[in-house]
Amino acid sequence: MKRLALPLILAAGLGLSACASLAPYGAQQGPRGQGYSEQRIESNRYRVTYNGVGAPGPVADYALLRAAELTTQEGYDWFEVTQRWTDGRPDSAGGVRPSVGVSYGSGRSSGRYGSYSSSGVGVGLGLNFSGPSPTSTSLEVVMGRGAKPDRPEAYDARGVRDALRRN
């Protein structure tokens, strides 16, 4: 019975942590709430932010979806992401970075019954039992009309909106 206790406790903890997940898509409610917000920088330039809980991928998708919706609402056809931040850092520094610790130790000891030596290697893995953590993605976007530019960070607003609303 004791052998089952630890796995059951871990499973229950993971199940409870899954309850605190990304809320349904919508406008941000309150200063610490989940959802999107935007700030107009120039007539065709906005900063769009999505605050959520959990993995950065779905939060980034919601930020793109809001940029696409805002682009069409403002009467534009496409938008280009000029800057991107994840959790307040440039996107290239964002995301989850797993880490593993390795240590080695050895020793000698002499005692009443003789001497001995030992050595060992340890590997550590960090586990998060506090549940999903808050994450945010901010995009600075420039909007335009007509044909979408042939650049990697330029998006067709209607295409992005339609693709991400299905998910």
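**Student:** Help me out: how do you make sense of the packing of aromatic side chains in this one?
**Tutor:** Two descriptors summarise a pair of aromatic rings, namely the distance from one centre to the other and the angle between the planes of the rings. Scanning all chains against the criterion turns up 5 aromatic pairs. Each residue in the set Tyr25, Tyr36, Tyr50 and Tyr62 is aromatic and connected to the rest through ring pairs, giving one cluster.

**Student:** Is there a simple way to explain the side chain of Thr49 in this structure?
**Tutor:** If you trace the backbone, Thr49 turns up in strand β2 (residues 45–53). Residue class for Thr49 comes out buried when judged on its relative accessible area of 14%. Side-chain polar atoms of Thr49 contact the side chain of Ser138, separated by 2.8 Å. In contact with Thr49, other than residues within four places in its own chain, are Gly35, Tyr36, Ser37, Thr137 and Ser138.

**Student:** What am I meant to see in the environment of Gln83 here?
**Tutor:** Structurally, Gln83 can be placed in strand β3 (residues 78–86). Placed 56 residues apart in sequence, Gln83 and Leu139 show a C-alpha to C-alpha distance of 5.8 Å. If we ignore the near neighbours within four places in the chain, the residues touching Gln83 are Ser138, Leu139 and Glu140.

**Student:** Quick question: what am I supposed to make of the nonpolar core here?
**Tutor:** As a rule of thumb, soluble globular proteins bury nonpolar side chains together. If you look at the biggest cluster of nonpolar residues, it comprises 21 residues, and the most contacted ones within it are Leu64, Phe79, Val81, Leu139, Val141 and Met143. For this core, the secondary-structure elements that each account for two or more residues are β2, α2 (56–73), β3, β7 (134–144) and α3 (157–165). At 7 residues, α2 tops the list of elements feeding residues into this core.

**Student:** Quick question: what am I supposed to make of α3 here?
**Tutor:** In an α-helix, one full turn covers 3.6 residues, which means residues spaced three or four apart are oriented alike. Taken together, the buried positions of α3 are occupied by Ala157, Val160, Arg161 and Leu164. In a view along the axis of α3, the buried residues occupy a sector of 100 degrees, so they form one face of it.

**Student:** What am I meant to see in the packing of α2 against α3 here?
**Tutor:** Relative to each other, α2 and α3 sit at 135 degrees, their axes nearing to 8 Å. Classified by the interaxial angle, the pair formed by α2 and α3 is oblique. The interaxial crossing formed by α2 with α3 has left-handed handedness. Two secondary-structure elements touch here, α2 through Asp61, Leu64, Leu65, Ala68, Glu69, Thr71 and Thr72 and α3 through Ala157, Arg158, Val160, Arg161, Leu164 and Arg165. For the contact of α2 with α3, the per-class residue count stands at 6 nonpolar, 2 polar and 5 charged.

So, how was this worked out
- Residues numbered from 1 in each chain as written.
- Predicted model: local features only at pLDDT ≥ 70, side-chain atom pairs only at ≥ 80, totals over all residues.
- Heavy atoms only, no water.
- Phe/Tyr/Trp six-rings, centres within 6.5 Å; stacked < 30°, edge-to-face > 60°.
- Helix = DSSP H or I, 4+ residues; strand = E, 2+ residues; numbered from the N terminus.
- Buried < 20%, exposed > 50% of the residue type's maximum accessible area, 1.4 Å probe, protein only.
- Polar contact = N/O pair within 3.5 Å; in protein donor to acceptor, adjacent residues only side chain to side chain.
- Contact = heavy atoms within 4.5 Å.
- Core = buried A, V, L, I, M, F, W, Y, C linked by side-chain atoms within 4.5 Å.
- Arc of directions from axis to C-beta.
- Axes fitted to C-alpha atoms, helices over the stretch in contact; angles between N-to-C directions.
- Parallel < 35°, antiparallel > 145°, perpendicular 65-115°, else oblique.
- Left-handed = near helix turned anticlockwise from the far one by under 90°.
- Nonpolar A, V, L, I, M, F, W, Y, C, P; charged D, E, K, R; others polar.

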